[in-house]
Amino acid sequence: MARSIYIHIAFCISKCPYCDFTSYAGMEAFYGEYVEALAAEISHAEPQEPISTIYFGGGTPTVLSNGQLSAILAAVRERFE
């Protein structure tokens, strides 16, 4: 059975008043550190069944650069089938 992965990106350009997700605005200086920590966490995960879908959510995942999103996906690719 294939599984899915949810990756939470906790950053937004601005925090919407109705949002209940853990997310932070004005924290651009931490994007790089967050991506590095996330990739490290992924590298320690125990791979089980193949992954069929990767979901990005949380704040606004597209605040990260293409390179940062690619680094997250590369970490998933290295650890999971």
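Rules behind the numbers
- Residues numbered from 1 in each chain as written.
- Predicted model: local features only at pLDDT ≥ 70, side-chain atom pairs only at ≥ 80, totals over all residues.
- Heavy atoms only, no water.
- Helix = DSSP H or I, 4+ residues; strand = E, 2+ residues; numbered from the N terminus.
- Buried < 20%, exposed > 50% of the residue type's maximum accessible area, 1.4 Å probe, protein only.
- Lys, Arg positive; Asp, Glu negative; His and termini not counted.
- Charge placed at Lys NZ, Arg CZ, Asp CG, Glu CD.
- Polar contact = N/O pair within 3.5 Å; in protein donor to acceptor, adjacent residues only side chain to side chain.
- Contact = heavy atoms within 4.5 Å.
- Core = buried A, V, L, I, M, F, W, Y, C linked by side-chain atoms within 4.5 Å.
- Patch = residues over 30% accessible without salt bridge, like charges linked within 9 Å, V, L, I, M, F, W, Y side chains within 5 Å.
- Areas by Shrake-Rupley, 256 points an atom, 1.4 Å probe, with all protein chains shown as cover.
- Salt bridge = Lys/Arg side-chain N within 4 Å of Asp/Glu carboxyl O.

J.: Any chance you could break down the overall build of the protein chain for me, citing the residues and the numbers?
T.: A count of helices and strands for the protein chain gives two helices and four strands. Ordered by position from N to C terminus, the α and β elements of the protein chain give β-β-β-α-β-α. With respect to the three principal axes, the spread of C-alpha positions in the protein chain is 40 × 25 × 20 Å. Scored against the burial criterion, the 81 residues of the protein chain give a buried share of 27%. Separation between the mean location of the 4 positive side-chain charges and that of the 9 negative ones in the protein chain comes to 5 Å.

J.: Let's hear about the side chain of Ser 23: which residues, and what values?
T.: For Ser 23, the location among the structural elements is in the loop between β2 (11-12) and β3 (24-25). Among the polar contacts made by the side chain of Ser 23, one reaches the side chain of Lys 15 at a distance of 2.8 Å. Excluding residues that lie within four positions of it along the chain, Ser 23 makes contacts with Ala 10, Phe 11, Cys 12, Lys 15 and Gly 59.

J.: Quick one: what's the story with the nonpolar core, residue by residue and with numbers?
T.: Membership of the largest hydrophobic core comes to 15 residues, with the highest contact counts inside it found for Ile 7, Ile 9, Leu 38, Ile 42, Leu 64, Ile 72 and Val 76. Once you skip the residues sitting within four places of it in the chain, Ile 9 turns out to touch Tyr 34, Leu 38, Phe 56, Gly 57, Gly 58, Gly 59, Thr 60, Pro 61, Leu 64 and Ile 72.

J.: Lay out a nonpolar patch on the surface with the relevant residues and their values.
T.: A cluster of nonpolar residues, Tyr 6, Phe 21 and Tyr 55, forms a patch on the protein surface that exposes about 360 Å² of accessible area. Mapped onto the fold, Tyr 55 is located in strand β4 (residues 51-58). Tyr 55 gets classed as partly exposed once you look at its relative accessible area, which sits at 45%.

J.: Run through the pattern of salt bridges, naming residues and quoting values.
T.: Considering all chains together, one arrives at one salt bridge under this definition. Close ionic contact of Arg 3 with Glu 49 constitutes a salt bridge, the shortest N to O distance being 2.5 Å. With Arg 3 in strand β1 (residues 3-9) and Glu 49 in the loop between α1 (31-43) and β4, the pair connects residues that are 46 residues apart, well separated along the chain. Here Arg 3 falls in the partly exposed class, since its relative accessible area comes to 36%. Relative accessible area serves as the criterion here: at 30%, Glu 49 is assigned to the partly exposed category.

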